[in-house]
Amino acid sequence: MAKDVKPTRKELMRIEDRIDLSERGHDTLEKKRDGLIMEFMDILDQAQDVRSDLDDSYDRAQHAINMARAMDGDVAVRGAAAALKEHPELTTQSKNIMGVVVPQIESSKVRKSLDERGYGVMGTSARIDEAADAYEELIENIILAAEVETAMKKMLEEIETTKRRVNALEFKLLPDLYDNKEYIEQKLEEQEREEIFRMKKIKNKKEEEEAAAREEENAEAEEAAAVTADD
Amino acid sequence: MTVRFEEQNWESANYEYVITRVRSRRAKLFDDDDYRKLVRMGPSEISRFMEETEYETEMNALGARYSGVDLVEYALNRNLAKHFDDLLRWSDGRLYDYVARYLRKFDVWNVKTIVRGIYSGADANEVEDDLIRAGELSEQLLDQLVAAGSIEEVVELLDGTIFGDDLAEAYQDYEDSGVLVPLENALDRAFYDVLLSGLPTQPEVDSPTGLYVSFLTAEIDFRNLRNALRLARSGAEIDPAEYHIEGGRLFDADEIGALATSTDQLVQRVRESTYGDDLDAALDTLEAADSLIEFEHALDAALLEYSDQLSNRYPLSVCPVLSYILAKEREVDNIRAIARGREAGLDSDEIEQELVIL
């Protein structure tokens, strides 16, 4: 990388600007990542509770329907289920958690009263009521789990992306920029040293030439003085 | 009036013939040992065991179309239908009337199944398989109902039966609401309305008719009690009086409306009633465990125990026939409970708790 960089002062200034910007970006992304992780931990706790409730309600619903099928018969349970065509209504909205858009699912008509389930009250048993109750609770928990777990998944994706960006800045971009800066600085220092050395050389050469000239002048002067004396 | 009513009808009924045949059928019902064996079997073993019992014909007939516990359940239903249809065929006069009154509940089951099938767009063959042809409606009418293309057509076809007027009246409510509740309630109400109609309201207590009426009254009272408790538990804004069935001696419509708001008051009322002693343990369970299912279970047991008393006291009356009907129904319920319970992985103890065996 450093070899492609022009070791000029302008380039050094440009790299210093980029380092400044990257460091600020790195700090911001680190804060975002930490914030997202904190939000994620909250959602994770919520998701664990929801998942546990979901498991419990699934077990309860399964037990209730097994008992209803055993005691009232599969035909009776299927018949009671067939007495209703209406499905629960779901509406989805979205909310923003630290820049991550997560779904918000609203459900209606999941919980039904005894006279809204389609089957007649007089000819059915409490077992079917209990199975219907348990399944309504299960559906509510599934909807809640879908909302929380989707939010969790989206948060996790965003944390991963942010983490990759932070790591890219921290371990790739910034080290490269520091290397380039150092390279340019070293090159510039070297150029400066070479310049000084060259100037010194020139100075020495000039001094030597001046000394030689002076010696020559002195020699000529001495020679002239000797000729004059001889005359 | 009661005496004349009984005399008139005792003469026109063929009790001796029917009761002799019923005794032989009753002897074939599963006993404790059979249940003990079944509870320890897996679903496949239960199917195999059933092929060597009274249910052999139905198991073989349905074996090509169903398997596992579904086969057991359909075979049980078909066998039940065959036995109850035999009872109606054998019975004459007043006995036929007595038996048919109770077995019309299978007509209610069948009409509900057909209406639900049409409502949910189920296949006609599937609906037909779910029927229990043990009621009074003819095979031909049931076939016409299964083939009906709309609920309106079903209502029209049932015109002239005991369900005709109530269904026609409820049809408009169904059209307005779009749910089957009005039609299903109308069917149940029609069944309960004719259950006691024409019977003496205050028959001699210690007489076959008296016992029969007492049993039907208990059935209505227990149904009212279950419904009141279910409504009280559901918290729905439903007037319990709308679901009250006339003919019981435990509550009237006004009283049930007031009692259904408080389970405690309702329980107290039952404790103080004639059923108090029979249902004492069940009411304790209801109060302690807060479980309506266990209470319903106890009600079933109480009814069965009551019916068993019927069978011994008047050997030449409707009582042994009714007792057999209830015992057969209970056998079917028990076998199905065992098979489904084993299929669902319930352990033997849990299944045994759910069985009602005398």
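The shown structure was predicted, so the numbers you read here are calculated from the model rather than taken from an experiment. (Residues numbered from 1 in each chain as written. Chains lettered and ligands numbered in written order. Predicted model: local features only at pLDDT ≥ 70, side-chain atom pairs only at ≥ 80, totals over all residues. Heavy atoms only, no water.)

1. Observations concerning the overall build of chain A
Helix and strand counts for chain A stand at three helices and two strands. The N-to-C order of helical and strand elements in chain A reads α-α-β-β-α. Relative to the globule expectation of 17 Å for 231 residues, the C-alpha radius of gyration of chain A, 43 Å, shows a markedly less compact shape. Dimensions of chain A, computed from the C-alpha atoms along their principal axes, are close to 160 × 25 × 25 Å. Considering chain A as a whole, with its 231 residues, one finds that 34% of them fall into the buried category. Within chain A, contacts between residues at least 6 apart in sequence are counted, and of these 78% link residues at least 24 apart. Total accessible area on chain A stands at roughly 14600 Å², and carbon and sulfur atoms take up 51% of it. (Helix = DSSP H or I, 4+ residues; strand = E, 2+ residues; numbered from the N terminus. Rg over C-alpha atoms; globule rule 2.2 N^0.38 Å. Buried < 20%, exposed > 50% of the residue type's maximum accessible area, 1.4 Å probe, protein only. Contact = heavy atoms within 4.5 Å. Areas by Shrake-Rupley, 256 points an atom, 1.4 Å probe, with all protein chains shown as cover.)

2. Considering the interface of chain A and chain B
Each side of the interface is counted separately: chain A has 33 residues, and chain B has 40 residues. Summed over both sides, the interface of chain A with chain B buries roughly 3200 Å², with 59% coming from carbon and sulfur. Between B:Arg340 and A:Asp74 there is a salt bridge, and its shortest N-O distance comes to 3.9 Å. Viewed at the interface, chain B and chain A are joined by 19 residue pairs in polar contact (both at pLDDT 80 or more). At the level of elements, α1 (9-71), α2 (74-82) and α3 (126-230) of chain A are the ones that each hand at least two residues to the side of chain A that touches chain B. Looking at the side of chain A that touches chain B, the element that brings in the most residues is α2(A), giving seven residues. Here the residues of the side of chain A that touches chain B sort into 14 nonpolar, 10 polar and nine charged. (Buried area = accessible area lost by both parts, 1.4 Å probe. Salt bridge = Lys/Arg side-chain N within 4 Å of Asp/Glu carboxyl O. Polar contact = N/O pair within 3.5 Å; in protein donor to acceptor, adjacent residues only side chain to side chain. Nonpolar A, V, L, I, M, F, W, Y, C, P; charged D, E, K, R; others polar.)

3. Comments concerning the pairing of strand β1 (residues 89-97) of chain A
Residues and elements named next belong to chain A. Across nine bridges, β1 lies against strand β2 (residues 100-108) in antiparallel orientation. Among the inter-strand pairings, Leu 90 is bridged to a residue of β2, identified as Ser 107. Hairpin connection from β1 to β2: two residues lie between these consecutive antiparallel strands, with Met 98 at a positive phi of about 50 degrees. (Pairing = 2+ DSSP bridges.)

4. Topic: the packing of helix α7 (residues 93-120) of chain B against helix α12 (residues 181-195) of chain B
All names here are of chain B. Contact pair α7 / α12: the axes reach a minimum separation of 10 Å and the direction vectors enclose 170 degrees. Here α7 is positioned roughly antiparallel relative to α12, judged by the angle of their axes. Contact residues: Arg 101, Tyr 102, Arg 104, Lys 105, Val 108, Val 111, Lys 112, Val 115 and Arg 116 in α7; Leu 183, Glu 184, Leu 187, Asp 188, Phe 191, Val 194 and Leu 195 in α12. When the residues that make up the contact of α7 with α12 are grouped by side-chain class, the tally is nine nonpolar, no polar and seven charged. (Axes fitted to C-alpha atoms, helices over the stretch in contact; angles between N-to-C directions. Parallel < 35°, antiparallel > 145°, perpendicular 65-115°, else oblique.)

5. Comments concerning helix α6 (residues 68-90) of chain B
Taking 1.5 Å as the rise per residue, α6(B) with 23 residues should run 33 Å; its terminal C-alpha atoms sit 33 Å apart, in good agreement. Where burial is concerned, most of α6(B) is hidden: 17 out of the 23 residues are buried. (Expected span 1.5 Å × (residues − 1).)

6. A few points about the environment of B:Ala282
Residue and element names in this part refer to chain B. Tracing the sequence through the fold places Ala 282 in helix α16 (residues 280-289). Counting along the chain gives 15 residues from Ala 282 to His 297, while the straight-line C-alpha distance between them is 8.4 Å. In this view, Ala 282 contacts Phe 295 and Ala 298; residues no more than four positions away in its chain are not counted.

7. Structural notes on helix α4 (residues 43-50) of chain B
Quick reminder: α-helices carry 3.6 residues per turn. Residues three or four places apart thus point the same way. All names here are of chain B. Taken as a whole, α4 has its buried residues at Ile 46, Ser 47, Phe 49 and Met 50. Down the axis of α4, the smallest arc covering the buried residues is 165 degrees, so these residues share one side. The elements touched by buried residues of α4 are α3 (32-39), α5 (56-62), α6 and α18 (318-343). (Arc of directions from axis to C-beta.)

8. Structural notes on the packing of aromatic side chains
All names here are of chain B. Enumeration over the complete set of coordinates arrives at 12 aromatic pairs over all chains. When the ring of Tyr 98 is compared with that of Tyr 212, the centres are 4.4 Å apart and the planes differ by 35 degrees; the resulting orientation is tilted. With Tyr 98 in helix α7 and Tyr 212 in helix α13 (residues 208-234), this pair connects stretches of sequence that are 114 residues apart. For Tyr 98, a relative accessible area of 3% translates into the label buried. Ring geometry for Tyr 171 versus Tyr 174: centroids 5.7 Å apart, planes at 45 degrees, classification tilted. Placement of both Tyr 171 and Tyr 174 in helix α11 (residues 164-177) is noted, with a separation of three residues, approximately one turn of the helix. Each member of the aromatic cluster is reached from another via a ring pair, and the members are Phe 30, Tyr 35, Phe 49 and Tyr 55. (Phe/Tyr/Trp six-rings, centres within 6.5 Å; stacked < 30°, edge-to-face > 60°.)

Function cannot be inferred from these measures alone, as they are strictly geometric.
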